[in-house]
Amino acid sequence: MSALAQVRRIIADLKHPADWNRIPRLPVLVRQEVVALVRPIPSQLNGEADGDARLMAEWRNLHKRSFFTWITAAELSTASWLDQNYSPNDEDILFIVETPARVPFGHFALYNFRAAADVCEFGRVIRGRSIGPKGGMTVAAACLLQWAASRLGVRRFFLEVFQDNANAVAFYKRLGFVVAKRVPLRRVDDPDCTRWEKIPEDEADAGNVHGYAFRMEATAEQLHSIGCRHGDTSLFDFVC
Ligand SMILES: CC(C)(COP(=O)(O)OP(=O)(O)OC[C@H]1O[C@@H](n2cnc3c(N)ncnc32)[C@H](O)[C@@H]1OP(=O)(O)O)[C@@H](O)C(=O)NCCC(=O)NCCS
């Protein structure tokens, strides 16, 4: 089986749980104590995932300007995107971050797996609620990235973030990401939303550059071990 086929199989298993009321979770451990849980958003919003589209829309609207497309999200349009784009795609997996009592407070995703499946994007990162432990997003993301490195075989993670999004840039640096390059952006105001488009470097000049993004990258070896210990892969499993 190719590496990409293997990644697709693991993601498909997580997105199609046998029991919608017992979706497997990745326990996030700090000094042997579970401080958070990471639960996949499955292919259908049944059982425990019933409220996911509502939460995603609510949280996206809280942080509209942190992303490169400034849409106003609604539960219905989010559910429709999940159904039509996310559900059938076994190279895209979103995770809800929960307190140990299973109260959701954020999400993030792995997607854009490249050719040999050893490179992928880490993104759609949001803390939606100020509950959960301080640093909870950092430890949960560190644990998920370690899982992706050890179980999916990802060797390098990449992402793009507005240069002036200080909280997010600090968050990614805590995880071990470093700035690989600065990407010029053009602001496009469409009637229904504002988009920020990348400009090829040789076309960028003072007249058409309206902002910058950082492309940040981390190899599996560069990931910071926060809470979870490197090398002890038995810690990185989804369990019911
Ligand atoms: C990016 C984002 C998810 C980070 O969330 P966060 O709540 O800042 O992250 P954490 O849960 O890790 O908490 C961070 C705080 O805990 C602290 N912390 C982090 N790791 C810690 C640890 N292991 N132990 C103790 N404290 C820790 C940090 O220093 C930080 O403290 P501060 O707020 O006083 O500086 C959040 O800022 C967000 O949702 N932003 C809007 C959306 C966005 O920009 N997304 C990215 C688009 S590319």
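See above for the structure.
On a predicted model such as this, the values are computed, not experimentally measured, just so you know.

*Asks:* Before we go on, may I ask you to explain the overall build of the protein chain in this structure?
*Replies:* Assigned secondary structure in the protein chain consists of 5 helices and 10 strands. Scaling as 2.2 N^0.38, a compact globule of 240 residues should have a C-alpha radius of gyration of about 18 Å, and the protein chain matches this with 18 Å. For the protein chain, the C-alpha atoms occupy an extent of roughly 55 × 40 × 40 Å along the three principal directions. When burial is assessed residue by residue, the protein chain has 48% of its 240 residues classed as buried. Taking all contacts inside the protein chain whose residues are at least 6 apart in sequence as the whole, residues at least 24 apart take part in 65%.

*Asks:* Would you take a moment to explain the pairing of strand β2 (residues 33-40) for this structure?
*Replies:* When a strand is regular, its side chains alternate between the sheet's two faces. By the criterion of burial, β2 is predominantly enclosed, with 6 of the 8 residues buried. With 5 bridges joining them, strand β1 (residues 26-30) and β2 adopt antiparallel strand pairing. Across the sheet, V30 pairs through a bridge with E33, a residue of β2. Here β1 folds back onto β2, and the loop between the two strands holds 2 residues, one of which, R31, carries a positive phi near 45°. As paired elements, β2 and strand β4 (residues 92-98) share 4 bridges and run antiparallel to each other. Bridged to V38 within β4 is V97.

*Asks:* Honestly, the environment of E197 in this entry has me stumped. Any pointers?
*Replies:* With respect to the helices and strands, the residue E197 is situated in strand β9 (residues 194-198). When the C-alpha atoms of E197 and I226 are compared, they prove to be 34 Å apart, with 29 residues separating the residues in sequence. The contact partners of E197, leaving out residues within four places of it in the chain, are P184, L185, R186 and V188. At a separation of 2.5 Å, a polar atom in the side chain of E197 contacts the side chain of R195.

*Asks:* Hey, could you run me through the side chain of D90 in this one?
*Replies:* Summarising the element assignment, D90 is placed in the loop between α3 (75-86) and β4. Of the buried charged residues, D90 lacks a salt bridge, with R8 as the closest side chain of opposite charge at 4.4 Å. Beyond its immediate chain neighbours, meaning those up to four positions away, D90 contacts V7, R8, I11, A12 and H16.

*Asks:* It is not clear to me how the site of the ligand should be interpreted in this structure. Could you clarify?
*Replies:* Around the ligand, a shell composed of 20 residues is seen, among which V125, R127, K134, T138 and N165 lie nearest. Take M137: an N or O atom from its main chain is 2.8 Å from an oxygen atom of the ligand. Contacts to the ligand include R174, whose side-chain N or O atom sits 3.4 Å from an oxygen atom. Burial of the ligand by the protein amounts to 68% of the accessible area it has alone, namely 950 Å². Using a 2 Å cut-off from the grid points, one finds that the ligand occupies the largest pocket. Taken together, the elements giving at least two residues each to the shell around the ligand come down to β6 (119-127), α4 (136-152), β7 (156-162) and α5 (166-175). A total of 5 residues in the shell around the ligand trace back to one element, the largest contributor, which is α5.

*Asks:* What's the story with the pairing of strand β5 (residues 104-111) in this structure? I'm lost.
*Replies:* Among the 8 residues of β5, 8 are classified as buried, and the element is accordingly described as predominantly covered. Relative to β5, β4 runs antiparallel, the two sharing 7 bridges. What sits directly across from V97, in β5, is G106. Taken together, β4 and the strand that follows it, β5, pair antiparallel across an intervening segment of 5 residues, in which R102 is found at a positive phi of about 70°. Across 5 bridges, the pairing between β5 and β6 is antiparallel.

Reading the values: rules and limits
Residues numbered from 1 in each chain as written. Predicted model: local features only at pLDDT ≥ 70, side-chain atom pairs only at ≥ 80, totals over all residues. Heavy atoms only, no water. Helix = DSSP H or I, 4+ residues; strand = E, 2+ residues; numbered from the N terminus. Rg over C-alpha atoms; globule rule 2.2 N^0.38 Å. Buried < 20%, exposed > 50% of the residue type's maximum accessible area, 1.4 Å probe, protein only. Contact = heavy atoms within 4.5 Å. Pairing = 2+ DSSP bridges. Polar contact = N/O pair within 3.5 Å; in protein donor to acceptor, adjacent residues only side chain to side chain. Lys, Arg positive; Asp, Glu negative; His and termini not counted. Salt bridge = Lys/Arg side-chain N within 4 Å of Asp/Glu carboxyl O. Near = heavy atom within 4 Å. Areas by Shrake-Rupley, 256 points an atom, 1.4 Å probe, with all protein chains shown as cover. 1 Å grid on protein atoms, 1.4 Å probe; cavity = no way out; pocket = protein on both sides within 12 Å on 5 of 7 lines; lining within 4 Å. Sits in = over half its atoms within 2 Å of the grid points.

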